Amino acid sequence: PIGDGDWGDVTQSLIFHQVRKFLLRLDGSKLDQKFWRPHILVVAKNPRCQYRLLHFANNLKKGGLLVLGSVLTPQLKMIQAAASL
């Protein structure tokens, strides 16, 4: 039956509508190139030991966004879990 479905939350619907409206308003031609800043993704095996790399990336971004990521393998996750106990 039609009435048995999960229609979601009204708040989520309003947020979705607002986000969609503002995304559609974005116009790439209005962006000024002098305000462009790079967005950098740094992936490091052990970020705590990569101080030079992080310092370099931070200087390179000049006000842009810096995202630091670290890839954990299953074996590394087990080692870290054991070390935190």
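Everything below is about the structure shown above.
Small disclaimer: the values here were computed from a predicted structure and weren't measured.

Trainee: I keep staring at the packing of aromatic side chains and nothing clicks. Help me out?
Mentor: What describes a pair of aromatic rings is the distance from one ring centre to the other and the angle between the planes of the rings. Summed over the entire model, instances satisfying the criterion amount to 0 aromatic pairs. Positioned above the aromatic ring of Phe-22, the side-chain terminus of Lys-21 is 5.3 Å from the ring centre.

Trainee: Please explain the pairing of strand β1 (residues 39-43) as it appears in this structure.
Mentor: A regular strand places its side chains on the two faces of the sheet in alternate fashion. Every second residue of β1 is oriented toward a common face, the buried set being Ile-40 and Val-42 and the non-buried set His-39, Leu-41 and Val-43. Two strands pair when backbone bridges link them, and β1 and strand β2 (residues 65-69) are joined in this way by 5 bridges, in the parallel orientation. By the bridge assignment for β2, His-39 is matched with Leu-65. Handedness of the crossover joining β1 and β2 through helix α2 (residues 51-61) is recorded here as right-handed.

Trainee: What is the right way to read a nonpolar patch on the surface from this model?
Mentor: Together, Leu-41, Val-43, Leu-65, Val-67 and Val-71 make up an exposed nonpolar region whose accessible area comes to about 470 Å². At the level of secondary structure, the elements contributing two or more residues to the nonpolar patch comprise β1 and β2.

Quick notes on the rules
Residues numbered from 1 in each chain as written. Predicted model: local features only at pLDDT ≥ 70, side-chain atom pairs only at ≥ 80, totals over all residues. Heavy atoms only, no water. Phe/Tyr/Trp six-rings, centres within 6.5 Å; stacked < 30°, edge-to-face > 60°. Lys NZ or Arg CZ within 6 Å of the ring centre and 35° of its normal. Buried < 20%, exposed > 50% of the residue type's maximum accessible area, 1.4 Å probe, protein only. Helix = DSSP H or I, 4+ residues; strand = E, 2+ residues; numbered from the N terminus. Pairing = 2+ DSSP bridges. Right-handed = clockwise from strand over helix to strand, strands pointing away. Patch = residues over 30% accessible without salt bridge, like charges linked within 9 Å, V, L, I, M, F, W, Y side chains within 5 Å. Areas by Shrake-Rupley, 256 points an atom, 1.4 Å probe, with all protein chains shown as cover. Salt bridge = Lys/Arg side-chain N within 4 Å of Asp/Glu carboxyl O.

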